[in-house]
Amino acid sequence: MRLIVTNIATLVCDCQRKQRLQGEEMARLDTIDDAYLLVEDGKVAAFGKMEELPAEGVNADEEVDARGCMVLPSWCDPHTHIVYAGSREGEFVDKIRGLSYAEIARRGGGILNSADLLHTLSEDELLEQSMVRVREVMAKGTGCVEIKSGYGLNTADELKMLRVVRRIKESVPMHVSATFLGAHAVGRNYTKPQYIELLINEMIPEVGREQLAEYIDVFCDEGFFTPDETARILEAGAKWGMKPKIHADELAASGGVKVAIDHGALSVDHLERITDAEIEMLRQSATIPTGLPGTSFFLNMPYAPLRKMIDAGCGVAIASDYNPGSTPSGDMKFAVSLACIKMRLLPAEAINAATLNAACAMGQSHNHGSIAVGKQANFYITARPIPSVDFIPYAYTTPIVGKAYIGGFRVE
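Cut-offs applied
Residues numbered from 1 in each chain as written. Predicted model: local features only at pLDDT ≥ 70, side-chain atom pairs only at ≥ 80, totals over all residues. Heavy atoms only, no water. Salt bridge = Lys/Arg side-chain N within 4 Å of Asp/Glu carboxyl O. Helix = DSSP H or I, 4+ residues; strand = E, 2+ residues; numbered from the N terminus. Buried < 20%, exposed > 50% of the residue type's maximum accessible area, 1.4 Å probe, protein only. Core = buried A, V, L, I, M, F, W, Y, C linked by side-chain atoms within 4.5 Å. Phe/Tyr/Trp six-rings, centres within 6.5 Å; stacked < 30°, edge-to-face > 60°. Patch = residues over 30% accessible without salt bridge, like charges linked within 9 Å, V, L, I, M, F, W, Y side chains within 5 Å. Areas by Shrake-Rupley, 256 points an atom, 1.4 Å probe, with all protein chains shown as cover. Contact = heavy atoms within 4.5 Å.

(A) Region of interest: the pattern of salt bridges. All chains considered together, the criterion is met by 21 salt bridges. Here Glu40 ties to Arg2 by a salt bridge, and the two come within 3.1 Å at their closest N and O atoms. With Glu40 in strand 2 (residues 30–40) and Arg2 in strand 1 (residues 2–13), this residue pair connects regions lying 38 residues apart in the sequence. Among the residues examined, Glu40 registers a relative accessible area of 33% and is labelled partly exposed. We note a salt bridge from Arg166 to Glu210, for which the minimum N-O separation is 4.0 Å. With Arg166 in helix 5 (residues 155–171) and Glu210 in the loop between helix 6 (192–209) and strand 9 (215–220), the pair connects residues that are 44 residues apart, well separated along the chain. Under the relative-accessibility criterion, Glu210 is labelled partly exposed at 25%. Through salt bridges with shared partners, a single network forms among Glu123, Asp124 and Arg167.

As C-alpha cells, this is what we get:
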C-alpha cells in the first residue's frame, strides 16, 4: 500500500533522527515548504519538495492533495488514565466550592470514588466506555498513547483494567503502552502495609504472569506512597520486567524524583512542586520530566516549571493526564496551548514535547513522534491552511486536525 500526500504548504519533518531533544534543541522544528510525503506499507518512505517529484508522478495506490494545508506528526500522549468508569462531575462542583484535591480524597472521593464505580462494571462494559475516549483522542490527532490502570485497587479489578487495555491494543491502529498503577492509592478496607504486601506478593506477579503491562507506576507523593515504599514496589515490578514510570511532586516535594532516577525510570510525571536540586538531578539523568498542564488548569494548581527545566538543559515531555477526576480531557492540542500560555514554552518546544519527547517518555521514539523515513506513518493534515506552526497553540480552541492518519491509514 503506497500513499502520497502532495501540495503540503509546510511539512514538519525530522531530519536529525534524534531519539530525544534537550535544552536549546527543543526550540527547533525541521520543516519543508511546498512538500510531499510518501508512505509505503504503513511507514514513511520519503518526503521532500514537490519539485523533486518526477514529472510523471509516483506510482501510488492513493493520492491525497493537501491543498496548501500543513502536515505534522501525530501527538504522542505518555500519561493517561483513559480506562475508567463513569464520571466525577460532582467533585468538579466540590472544587468550585473550594475543596482541594487532597480534601476530596480524604472524604472518600477522588481515586477511591472511581474504584467504586469501576468495580460495578463488567470487562465488556468498561471496554465500551473506554473505547469512546480512545476514538476521541485518535480523531484529535493522537497516534501513540500510554494507558494506566489504578482505578481497581484490588487484584481482580486491576487485572480487569489491564485486560481492557490489552483489548484496546488489539482493536485500534495506534500504539498503546500499558502501565500497572496499582499503587495509585490504598484500596478500601486495607491498611497501607497490607495493601503494599498485596501489591508486591499478589498483584504484580499476576500482572507479570499475564504479561499485561510494560511499565509500573507509583503515586509517590504526600498522603500516598513514600519514597521507600515506592522503591519496594518498583523493585518488585522490575523482577517481572516492568520498567518504572512515576507520579511525583504534584502535591509536595515528595522525594519521588530521586527514586525515579535511582531506579532508571523512563519518566517522572507531574512535578508541579519540583525543586531546583531535583531539576539538576534530572538534567544529568536519562529520566524524562513530563508536565501535565491540563491537571494544573483543571485543579487551579501551580504549573510544572518546564521553562526552567528546558533552560537548565533538560528535555521535557507533556501529556494530557486524561482521567475522570483531575483532567477530563485528552486534547493534546489544548495541552500544547497551555504549555505555551502557562508554562512559557515556545510553540516549537511545546510541539516537540508533545511528539518526539513524548514518544521517548513511552520508550517509542525510535518508531513514533516524528515524520522520519522508516518510522510509523502517523500524521495529520490541518483542517485548513494556517499561517504558521505557531498558529496551532495560539488558536487554542480552533480545531486543527482535518485528516488524521495512523500507519498510513486514515482515522475515521
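(B) Focus on the nonpolar core. Counting 106 residues, the largest nonpolar core has Ile168, Met174 and Phe180 as the members making the most contacts within it. Top contributing element to this core by residue count: helix 6, with 8 residues. Leu11, Cys13, Val39 and Ala66 belong to the second-largest nonpolar core, a separate cluster that totals 20 residues.

(C) Broad picture of the packing of aromatic side chains. Per the stated rule, a full pass over the model turns up 8 aromatic pairs. Here Tyr84 and Tyr322 contribute two aromatic rings whose centre-to-centre distance is 6.4 Å and whose plane-to-plane angle is 70°, an arrangement assigned as edge-to-face. Of this pair, Tyr84 sits in the loop between strand 6 (75–77) and helix 1 (89–96) while Tyr322 is found in the loop between strand 13 (317–318) and helix 12 (332–341), placing the two residues 238 residues apart along the sequence. For Tyr84, a relative accessible area of 6% gives the class buried. According to the relative accessible area criterion, Tyr322 is buried, its value standing at 5%.

(D) Main features of a nonpolar patch on the surface. The grouping of Phe92, Val93 and Ile96 at the surface amounts to a nonpolar patch, some 270 Å² of accessible area in total. Residue placement: Ile96 occurs in helix 1.

(E) The arrangement of unusual backbone geometry in detail. One non-glycine residue with positive phi stands out, namely Asp249, at about 60°. Here Asp249 shows up in the loop between strand 10 (243–248) and helix 8 (256–262). With a phi angle near 55°, Asn300 is a residue other than glycine that sits in the positive phi range. Looking at the secondary structure, you find Asn300 in the loop between helix 10 (293–299) and helix 11 (306–311). Judged by its relative accessible area of 70%, Asn300 falls in the exposed class.

(F) A look at the environment of Ile104. Along the chain, Ile104 turns up in helix 2 (residues 101–106). Ignoring anything within four residues of it in the chain, the contact list for Ile104 reads Glu91, Asp94, Lys95, Leu99, Gly109 and Gly110.

(G) View of the environment of Thr275. Take Thr275: it is sitting in the loop between strand 11 (267–270) and helix 9 (276–283). A C-alpha to C-alpha distance of 58 Å links Thr275 and Ala55, two positions 220 residues apart in sequence.

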